[in-house]
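Fold and contact review
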Amino acid sequence: MRFAFLCCALASLLLPAGPASARPASVAVAFDRQTVRPVLAEGLADRATGREVTAADPVRIASISKLVTALGVMRLVDQGQLDLDRDVSAYLDFPVRNPAFPDRPITLRLLLSHQSSLLDGEDLYIIPLGMTLQQRLADPRVWDRDHAPGSGWFHYANLNFPVVASVMERVTGERFDVLMSRLVLQPLGLDACFNWGAGCSAGAFRRAVVLYRDGGEVARDDLKGNPPACPVVVQEGRACDLSTYRPGDNGALFSPQGGLRIAMLDLARIGQMLARGGKGFLSPRAFAQLGRMEWRFDGQNGLGEDGTASGFFCAYGLALHRIGAGGGGCHDDLFTDGRLRLGHAGDAYGLKSGLWFDPVSGRGLAYFTTAVAPDAPRGRSAFTAAEEAIVERAGSAPFR
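A few points on the structure. (Residues numbered from 1 in each chain as written. Predicted model: local features only at pLDDT ≥ 70, side-chain atom pairs only at ≥ 80, totals over all residues. Heavy atoms only, no water.)

Focus: the overall build of the protein
Along the backbone of the protein there are 10 helices and 17 strands. Relative to its length of 400 residues, the protein is compact, with a C-alpha radius of gyration of 20 Å against a globular reference of 21 Å. The C-alpha extent of the protein, read off along each of the three principal axes, is 60 × 50 × 40 Å. Residues classed as buried in the protein amount to 56% of the 400 residues present. Contacts in the protein between residues far apart in sequence, at least 24 positions, make up 65% of those at least 6 positions apart. (Helix = DSSP H or I, 4+ residues; strand = E, 2+ residues; numbered from the N terminus. Rg over C-alpha atoms; globule rule 2.2 N^0.38 Å. Buried < 20%, exposed > 50% of the residue type's maximum accessible area, 1.4 Å probe, protein only. Contact = heavy atoms within 4.5 Å.)

Spelled out as structure tokens, the structure:
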């Protein structure tokens, strides 16, 4: 197996660095409760310079960010600042209600488990600087008028997490990126940040993985070694001025749903902490709440981000996805061994990523691969063949 890795790595060096022919950047890091071990790193982190990717290079990890955001929530729950079952309207200065179900409260538990009745409505989860969360939630396109909050209906939606982040900001008085650095990233010793905000070192900017579309065009993070001129999306005609921003007004700014930049070595350390049951980071009660199954697919009670019931989502906790345990209509066994794993997947801007661990053995894998086409074929499971290939090449031995 190691010989195969070396062959693939050598082959990647022989390929020209042009956009059409460069091998996509792919990294995988295996871990257990004691060790972290890179098992795959190939392709170019930056095709313009020919810089090869390493397991220490930060990448926009997409929706695994949701799980990391949930860790911040649970730290605040442990501190007594948040209650998972309190109406979030009590934390914000405006009512958060589905207009079709005005008497049904929306809680952090419902938001984190995608049972709040919020919808993304054509990327409306992106709320620019100059607009507020309250304004966005007044748009009827972001509400499911057919399913009430807390009715057992699951619809995966990014917009849940700007609401979560706004609550976190309002109760602490800290901007989300700064807060997450204090609550999660610094305590775990990680060189990581949301939307290139607080927490990333100067070296992280120099090592950033540029994300490419499958056709070779740049999708994100062509930093050329420097921080971005503006780390947030700004309303047209407004300046990128965060000095007057009031925490809680717009938790979408630093992309709590997908904007975490982190290297696979550091992501594996998050997985390692989870595999240890959160010991030293979360209380046993908070960890149990995080992983408790809040929703299970019964064949007709939920939809994925694409609006279909593909069997990709079959069981979900508080931003903790459960895969591989089987069930009617489920096609989520990425590792093809019928064993339960916990974690989260990521998918954005040509990147596919995953952080998964076996709660019994404590073994897991953090990975990403890039330049994946939007219509990339599925493999044996509801995951893409590209992801299944990464898992297979990383080797099944760490998980059995």
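Focus: the sheet that holds strand β5 (residues 59-60)
Strand order across the open sheet formed by 3 strands is β5-β10-β7, with antiparallel pairing between neighbours. The open sheet has two edge strands with one neighbour each: β5 and β7 (193-194). Pairing analysis gives 2 bridges linking β7 to strand β10 (residues 260-262), with the strands arranged antiparallel. Paired with Phe-194 across the two strands is Leu-260, which belongs to β10. (Pairing = 2+ DSSP bridges.)

A word on the pattern of salt bridges
Counted by the stated rule, this structure contains 22 salt bridges. With a closest N to O distance of 3.5 Å, Glu-42 and Arg-23 form a salt bridge. Of this pair, Glu-42 sits in strand β2 (residues 36-42) while Arg-23 sits in the loop between α1 (2-14) and β1 (26-31); the two residues are 19 residues apart in sequence, bridging distant segments of the chain. Using a relative accessible area of 4% as the deciding quantity, one classes Glu-42 as buried. Residue classification places Arg-23 among the partly exposed positions, given a relative accessible area of 26%. Residue Arg-97 is joined to Asp-87 by a salt bridge in which the shortest nitrogen-to-oxygen separation is 2.8 Å. Linking Arg-97 in the loop between α2 (64-78) and α3 (108-112) with Asp-87 in the loop between α2 and α3, this pair joins segments that are 10 residues apart in sequence. Overall, the relative accessible area of 26% leaves Arg-97 in the partly exposed class. A single network of salt bridges, built from pairs that share partners, joins Asp-85, Arg-109, Arg-292 and Glu-294. (Salt bridge = Lys/Arg side-chain N within 4 Å of Asp/Glu carboxyl O.)

Let's talk about the nonpolar core
Taken as a class, soluble globular proteins show a tendency for nonpolar side chains to be buried jointly. Formed by 112 residues in total, the largest nonpolar core has its most connected members in Val-73, Leu-137, Met-168 and Phe-368. With 9 residues, α2 is the largest single contributor of residues to this core. Sequence-distant contacts of Phe-368, that is, excluding residues within four places in its chain, are made with Ala-25, Ser-26, Val-27, Val-53, Val-59, Ile-61, Val-209, Met-264, Leu-351, Lys-352 and Ser-353. (Core = buried A, V, L, I, M, F, W, Y, C linked by side-chain atoms within 4.5 Å.)

A look at the sheet that holds β2
Within a sheet, neighbouring strands are paired by backbone hydrogen bonds and run either parallel or antiparallel to one another. Across the sheet, which stays open at both edges, the 8 strands sit in the order β2-β1-β17-β16-β15-β14-β13-β11 with antiparallel pairing between neighbours. Among the strands making up the open sheet, the edge pair consists of β2 and β11 (295-296). Note: strand β13 (residues 315-316) against strand β14 (residues 321-323), 2 bridges, orientation antiparallel. In the sheet register, Tyr-316 faces β14, and the bridge partner there is His-321. Packed on one face of the sheet, α2 meets β15 (341-348) and β16 (351-357) and runs near 125 degrees to β15. (Axes fitted to C-alpha atoms, helices over the stretch in contact; angles between N-to-C directions.)

Concerning the side chain of Asp-177
Within the secondary structure, Asp-177 is located in helix α6 (residues 176-185). On the accessibility criterion, Asp-177 (1% relative accessible area) is buried. Discounting residues that sit within four places of it in the chain, Asp-177 has contacts with Phe-194, Gly-197, Ala-198 and Phe-254.

Some points on α6
The buried fraction of α6 amounts to 8 of the 10 residues, a majority that puts the element mostly inside the structure. In this structure, the buried residues of α6 make contact with α2, α5 (160-172), β7 and β10.

A closer look at the packing of aromatic side chains
Two measures describe an aromatic ring pair: the distance that separates the ring centres and the angle between the ring planes. The full count for this structure, using the stated rule, is 11 aromatic pairs. Aromatic pair Tyr-156 and Phe-313: ring centres 4.8 Å apart, planes at 25 degrees, arrangement stacked. You can see Tyr-156 sitting in the loop between β6 (154-155) and α5 and its partner Phe-313 sitting in the loop between β12 (302-303) and β13, a full 157 residues away along the chain. What makes Tyr-156 buried here is its relative accessible area of 3%. The buried category is assigned to Phe-313, whose relative accessible area is 12%. Taken together, the ring pairs connect Phe-154, Tyr-156, Trp-295, Phe-297, Phe-312, Phe-313, Tyr-316, Trp-356 and Phe-383 into an aromatic cluster. The ring of Tyr-212 is capped by Arg-47, whose NZ or CZ atom sits 4.4 Å from the centre of that ring. (Phe/Tyr/Trp six-rings, centres within 6.5 Å; stacked < 30°, edge-to-face > 60°. Lys NZ or Arg CZ within 6 Å of the ring centre and 35° of its normal.)

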